Amino acid sequence: MEVIGDATLYLGDCLDILPEIGFVDAVVTDPPYGIGFIYENYDDNENNWYNLMDNIIPMLKSKSRFFVMPCCNQKRLKWWFVNHNPEWVIAWYKGSPGHLSMIGFNDWEAHLCWGKPPKPMHDYFQTQCGFQIKGHPCPKPIEWGLWLVKRSALYQQTILDPFMGSGTTGVASIDLGRKFIGIEREQK
């Protein structure tokens, strides 16, 4: 664990670290998609993804007032509603990334929500897709993090991201005056 200002960072597997973390105001995260992206310490296949979601979703719901994340592939929406029944869905309109992708051709991406944000929020937001961060297979643009964090927790409340990746949610949290807890299994 390393503490840097209002950010607490953990290096390791979130399934091992989460039991040590108390209740947070919100979870804003972007987990692996289970579509074969290349990671150093995780086999991003579909079976591993289903196992990971079945283990992590109940834990994250029990540790937060509000929880939002991408559905990780539109074809899985039915699976989500059958197995982990989100309370509502937000559409992120990201526009066309301008190229073929492993995720598909959708210009929007469903984000699943559990719990209640501190203030009412729309079920639609728009940012450009933007892949500004090199060295990560699927970084989110900072505008994505800013929109979600601003609406998921109030000033000085705590945001948790158990799949920190390139750090977008952490940067947005600190920029907006929120406290941040991030977990990442890959050191780089």
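Now for a description of the structure that goes with this document. If you're wondering where the values come from, they're calculated on a predicted model, not measured in any experiment.

The rules behind each value
- Residues numbered from 1 in each chain as written.
- Predicted model: local features only at pLDDT ≥ 70, side-chain atom pairs only at ≥ 80, totals over all residues.
- Heavy atoms only, no water.
- Phe/Tyr/Trp six-rings, centres within 6.5 Å; stacked < 30°, edge-to-face > 60°.
- Helix = DSSP H or I, 4+ residues; strand = E, 2+ residues; numbered from the N terminus.
- Buried < 20%, exposed > 50% of the residue type's maximum accessible area, 1.4 Å probe, protein only.
- Lys NZ or Arg CZ within 6 Å of the ring centre and 35° of its normal.
- Pairing = 2+ DSSP bridges.
- Axes fitted to C-alpha atoms, helices over the stretch in contact; angles between N-to-C directions.
- Contact = heavy atoms within 4.5 Å.
- Salt bridge = Lys/Arg side-chain N within 4 Å of Asp/Glu carboxyl O.

## Focus on the packing of aromatic side chains
Scanning the model with the defined rule gives 10 aromatic pairs in all. Plain terms: the ring middles of tryptophan 92 and phenylalanine 125 are 6.2 Å apart, the flat faces sit at 15° to each other, and that makes the pair stacked. Residue tryptophan 92 is found in strand β5 (residues 88–93), and its partner phenylalanine 125 is found in strand β7 (residues 124–126); the two are separated by 33 residues along the sequence. No difference in accessibility class separates tryptophan 92 from phenylalanine 125, as the two residues are buried. Put simply, the rings of Trp49, Tyr50, Phe67, Trp79, Trp80 and Trp114 pair up and form one aromatic cluster. Positioned over the ring face of tryptophan 49 is arginine 76, at 3.9 Å from the centre of the ring. Above the ring of tyrosine 50, the side-chain terminus of arginine 76 is found at 5.6 Å from the ring centroid.

## Here we look at the sheet that holds strand β8 (residues 158–161)
Read across the open sheet, the nine strands follow the order β1-β2-β9-β8-β3-β4-β6-β5-β7; overall the sheet is mixed. The open sheet has two edge strands, β1 (2–4) and β7, and neither has a second partner. In this sheet, adjacent strand axes meet at a mean angle of 20° when their direction is disregarded. As paired strands, β5 and β7 are joined by three bridges and run parallel to one another. Bridge pairing in β7 links tryptophan 92 to phenylalanine 125. Together, β3 (24–28), β4 (64–70), β6 (108–115) and β8 form the strand contacts of helix α2 (residues 46–62), whose direction differs from that of β4 by roughly 145°. Together, β3, β4, β5, β6, β7 and β8 form the strand contacts of helix α4 (residues 142–152), whose direction differs from that of β3 by roughly 155°.

## Notes on the pattern of salt bridges
According to the stated counting rule, one finds six salt bridges in the structure shown. Between arginine 185 and aspartate 13 there is a salt bridge; the shortest N-O distance is 3.6 Å. Of the two residues, arginine 185 sits in the segment after β9 (179–184) while aspartate 13 sits in the loop between β2 (7–11) and α1 (14–17), which places them 172 residues apart along the sequence. Overall, the relative accessible area of 22% leaves aspartate 13 in the partly exposed class. Close ionic contact of lysine 94 with glutamate 109 constitutes a salt bridge, the shortest N to O distance being 3.0 Å. Here lysine 94 is found in the loop between β5 and β6, whereas its partner glutamate 109 is found in strand β6, with 15 residues between them in sequence. We classify lysine 94 as buried; its relative accessible area is 11%. Among the charged side chains, a network of salt bridges with common partners joins Glu46, Lys75 and Arg76.

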